[in-house]
Amino acid sequence: MGDTKRNVSYLGSDKLNDIKIAEPADYAAGILGVKVALEHAFKEMGVVKSLVGLNKMNQKGGFDCPSCAWPDPKKRSSIAEYCENGAKALAEEATTKYVDRNFFAKYTVEELSQWTDYQIGKSGRLIEPMVLRADKSHYEPISWQEAYELIAEELHKLKSPNEAIFYTSGRSSNEAAFLYGVFARAFGTNNLPDCSNMCHESSGVALGETLGIGKGSVKLEDFYEAEVVMILGQNPGTNHPRMLSALQKCKENGGKIVAINPLKEAGLSRFKNPQQLSSVLSTGTTIADIHLPVKINQDVPLLKLILKKLKKLDNASGKVFDHQFIETYTEGFEELMQDLDTYAEGELLSATGVTEEAIDQVVQLLAKKDKIIICWAMGLTQHKNGVDNIKECVNLLLAKGSLGKPGAGTCPVRGHSNVQGDRTVGIMHFVSEKFNKALEEAFGFKPPAEEGVDVVGAMEAMATNKAKVFVALGGNFVSATSDTAYTALGMQNCELTVQISTKLNRSHLVTGKKALILPTLGRSEKDLRNKKPQYLTVENSMGKVHRSKGILKPASDQLISEPQIIGGIANAYFGDDHPIDWIDLSTNYDLIRNKIEEVIAGFEAVNQRSKDGGFYLPNNARELDFSALPNQKAKFSCCKLPEHQLEENDFILMTIRSHDQFNTTIYGLDDRYRGVYNERRVVFVNPSDMESLGLVKKDSVNIVSRYNGKERIAKNFLVLPYDIPQGNLAAYFPETNVLIPHDQYADQSNTPISKSVIVQLHKVD
Ligand SMILES: Nc1nc2c(c(=O)[nH]1)N[C@H]1C(S)=C(S)[C@@H](COP(=O)(O)OP(=O)(O)OC[C@H]3O[C@@H](n4cnc5c(=O)[nH]c(N)nc54)[C@H](O)[C@@H]3O)O[C@H]1N2
Ligand SMILES: Nc1nc2c(c(=O)[nH]1)N[C@H]1C(S)=C(S)[C@@H](COP(=O)(O)OP(=O)(O)OC[C@H]3O[C@@H](n4cnc5c(=O)[nH]c(N)nc54)[C@H](O)[C@@H]3O)O[C@H]1N2
Ligand SMILES: [Mo]
């Protein structure tokens, strides 16, 4: 399967395990969550390291949880300010299993590539730099200096700087990401694709265009005051568990929660707060007051219908929409109202698949309230019309005047713990004149003026031999991107692929002709430079920058930090007499922060303020300042309905996360909340669809997509009956990425359509 040039597999084994199935859970967290968290931690790190590490996670003076980007509350819990999945993330990073030179001497890359992602990840932490030389079958040790020189040599060989690609994943720090972006531009390219191209890029585009800032407007405290929180396309119980505490507080203060999701996710049903004994012992807090089981990608019709119904009520009373707010701060309201008139209610309703009664409950609720927060994640962004999905959310908030006041606003819930910060400090493939000018003033070189490639552009550049060197600051490009076969081909076309990583993953095995593994310190580990402890900064999902300082002993004394690695590469490339002193910068991170302060607005006195508890970056939407937008007004948008050309037996598949994974890192084989144990190769199907296809529980199927005449197959999945809308399917990624064509992505944002893949199920006999 998946054989490529070096004869490696880009998919790994598809053998099935002995699956166990139970009823889906009806509550999240609770004591079982704590038990599972500690089991993972103790198994990977041992008891002492677990307790030391967990005790410092998300606490003042400690390190930022490497899992999601949810902010820390002002008053931290004395028991534990982490969640089950944060503990799993730490366990994964601070594991006491190591991948050393003996490991690589024992297995060829071809052998390792046959393993599952789960087996690969569980082999342990990377602890020394390794090289895979051309035509060799094994990785071998290499010194840091030799590794830097190899990279410099390959970069010097390129005909154009645009033949190199510098990818970033969102675990990096502000300091590392900034230095990396400076290096790429000094080298001469804006080829800076980023994991957020596959993630919240649609949010960035939609919010930038309508509100003048590509980030959310709310602060954590807004949740405590909100009257209504709407959660669309997000599974916080698994992916942002600490958000449940904020929702619990919202409910205690009288707020209502509306979940809009094809699935009735456990975390949106009930929550037993593990930090409160009373909560654990009781039935917990009901989270969603109303759940609208919308069909996949029918959020636009649903939001249009809600707006249409609100409009009718407003026509009668004049009090449902905030006309003064609309008049003062916005443009395009009349056009939107006229556009809504062109849609029939019945047409919208039948597209959503939701009952009118349930929608009316939401309309009644929204009609009377104006402290409304809308939260969303990948269920909205990863569609062809991902940008429109978010513009419809903005329409609703603007019409209600629900922005720039306590308890109201936009909340794109970010993925990786510093994905927002990386973008803030300059990881972007497009050109900002303001940024380039500031960079030129701070460093004295002229940054390239030509736009670079994003993730889908990078995939194409490599597959068509336009790029020759691929460097990744974290992440797992091969498994995370769409169209695994195409990405694998592109990686193998490269002369050199370089992975700066903490853990072994498939991108170390499906490589260029030559490949380097540059192991780095994790968030939780102490970073000493010339015996001086260094700290890093990160930005959370709500635009607050704060300090993160590792406290655990590094997994090996060969490990160095991301800034140091970047400084080493840059120094080898430019030489010692370059005007930028890369070694100095990467030895004392205060110096990098000084430069960030010079280049990026809002970082004034960052060295001082990041130590003093952190600070919020400027946010014009929060301040209702739309002066940077074309007419100095926030914008309503008229969006079209989504289109799917379905043929007989076609389904729409969403590729989602199980409870036991962090993107391509597989913590375990269970998805406890959905009642699936010991297997990831499952596809969730509506029982009536199973009947019409003649399928029974645990039948084995291949999932097949066909776009532009090309068939793609994900083999060997077990059918599970599930409460999912008819015509819709769900399965986990990365196993299903092989189905998503590289040229199917969202308009404007280029985010792969990971949540609406058209597929068929073919029974395997
Ligand atoms: N433990 C853990 N935490 C994580 C991650 C992880 O893998 N594991 N990943 C991190 C990252 S990078 C990110 S981006 C976030 C991801 O966080 P989420 O976006 O919550 O992750 P997904 O599993 O992709 O879930 C998407 C949700 O959207 C719903 N959905 C799918 N399609 C639609 C649709 O068309 N409309 C609506 N309304 N809903 C839809 C699905 O049923 C599912 O509940 O989590 C971050 N945190
Ligand atoms: N089909 C489908 N595909 C998807 C998605 C989906 O919902 N469906 N979601 C997309 C989303 S939202 C995202 S964000 C991308 C994620 O894409 P990536 O960010 O590329 O992938 P991750 O799996 O998060 O990367 C994990 C690897 O990062 C490395 N790592 C971990 N911590 C550190 C660190 O501190 N420093 C360094 N240098 N390396 C570290 C480890 O080696 C680990 O193996 O995947 C996308 N792909
Ligand atoms: Mo993400």
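Each value, and the rule that gives it
- Residues numbered from 1 in each chain as written.
- Chains lettered and ligands numbered in written order.
- Predicted model: local features only at pLDDT ≥ 70, side-chain atom pairs only at ≥ 80, totals over all residues.
- Heavy atoms only, no water.
- UniProt positions renumbered as here; feature names shortened; annotations may be inferred.
- Near = heavy atom within 4 Å.
- Polar contact = N/O pair within 3.5 Å; in protein donor to acceptor, adjacent residues only side chain to side chain.
- Helix = DSSP H or I, 4+ residues; strand = E, 2+ residues; numbered from the N terminus.
- Nonpolar A, V, L, I, M, F, W, Y, C, P; charged D, E, K, R; others polar.
- Patch = residues over 30% accessible without salt bridge, like charges linked within 9 Å, V, L, I, M, F, W, Y side chains within 5 Å.
- Areas by Shrake-Rupley, 256 points an atom, 1.4 Å probe, with all protein chains shown as cover.
- Salt bridge = Lys/Arg side-chain N within 4 Å of Asp/Glu carboxyl O.
- Lys, Arg positive; Asp, Glu negative; His and termini not counted.
- Charge placed at Lys NZ, Arg CZ, Asp CG, Glu CD.
- Domains from an automatic or database assignment.
- Buried area = accessible area lost by both parts, 1.4 Å probe.
- Contact = heavy atoms within 4.5 Å.

An unreviewed UniProt entry annotates the chain as Molybdopterin-dependent oxidoreductase alpha subunit originating from Aquimarina brevivitae. What UniProt states about the chain under its Sequence similarities (unreviewed entry) heading is, verbatim, "Belongs to the prokaryotic molybdopterin-containing oxidoreductase family."

Chemist: Would you mind going over the site of ligand 1 in detail, with residue names and values included?
Modeler: Ligand 1 sits among 31 residues. The nearest are Asn261, Glu265, Asn297, Asp299 and Gln661. Backbone polar atom of Thr238 to a nitrogen atom of ligand 1: 3.2 Å apart, as the coordinates give it. Note that an oxygen atom of ligand 1 is positioned 3.0 Å from one of the side-chain N or O atoms of His383. Elements that contribute at least two residues to the shell around ligand 1 include exactly helix H11 (236–239), helix H20 (378–381), strand E25 (651–656) and strand E26 (661–662). The class makeup of the residues in the shell around ligand 1 is 12 nonpolar, 15 polar and four charged.

Chemist: Quick rundown of a negative patch on the surface? Include the residues and the values.
Modeler: A cluster of acidic residues, Asp576, Asp577, Asp581 and Asp584, forms a negative patch on the protein surface. Residue placement: Asp577 occurs in the loop between helix H27 (562–574) and helix H28 (582–585).

Chemist: Pulling in residues and values, what's your account of the site of ligand 2?
Modeler: Taken together, 31 residues lie near ligand 2, and Tyr167, Ser169, Ala480, Glu562 and Thr664 sit nearest. One of the side-chain N or O atoms of Ser169 is found 2.7 Å from an oxygen atom in ligand 2. At 3.1 Å, a side-chain N or O of Asn663 approaches an oxygen atom of ligand 2. For ligand 2, whose free accessible area comes to 930 Å², the fraction covered by protein is 97%. When grouped by side-chain class, the residues that make up the shell around ligand 2 number 10 nonpolar, 16 polar and five charged. Counting the residues that make up the shell around ligand 2, at least three belong to each of domain 1 (46–197 + 419–616) and domain 3 (647–763).

Chemist: Mind laying out the domain arrangement of the chain, listing which residues take part and the relevant values?
Modeler: Domain assignment breaks the chain into domain 1 (46–197 + 419–616), domain 2 (202–412) and domain 3 (647–763). Between the C-alpha centres of domain 1 and domain 3 there is a distance of 30 Å. Of the roughly 2000 Å² buried between domain 1 and domain 3, counting both surfaces, carbon and sulfur atoms make up 52%. Of all residues in domain 1, the largest losses of buried area upon contact with domain 3 belong to Tyr118, Val456 and Asp483, amounting jointly to 26% of the total for that side. Scanning the region where domain 1 abuts domain 3 turns up three salt bridges. Between Asp660 and Lys88 there is a salt bridge whose closest N-O contact spans 2.7 Å. A per-class count over the side of domain 1 that touches domain 3 returns seven nonpolar, eight polar and eight charged.

Chemist: How would you summarise the UniProt feature "domain: Molybdopterin dinucleotide-binding" (unreviewed entry) in the chain if you had to cite specific residues and measurements?
Modeler: UniProt marks residues 651–757 with the feature "domain: Molybdopterin dinucleotide-binding" (unreviewed entry), using the numbering shown here. Across residues 651–757, the secondary structure splits into 7% helix and 39% strand, with the terminal C-alpha atoms separated by 8 Å.

Chemist: If you had to explain a nonpolar patch on the surface to someone new, which residues and values would you point to?
Modeler: On the surface, a cluster of nonpolar side chains totalling about 440 Å² of accessible area is made up of Phe42, Val47, Val48, Leu51 and Val52. Here the element with the most residues in the nonpolar patch is helix H2 (residues 47–56); it accounts for four residues. The topology assignment puts Leu51 in helix H2.

Chemist: Tell me about the environment of Thr502, residues and numbers included.
Modeler: Turning to its location among the elements, Thr502 is positioned in the loop between strand E17 (496–501) and strand E18 (514–519). A sequence separation of 377 residues divides Thr502 from Arg125, and the C-alpha atoms of the two residues are 6.0 Å apart. If we skip the residues at most four places from it in the chain, Thr502 touches Arg125, Leu126, Thr520, Leu521 and Gly522.

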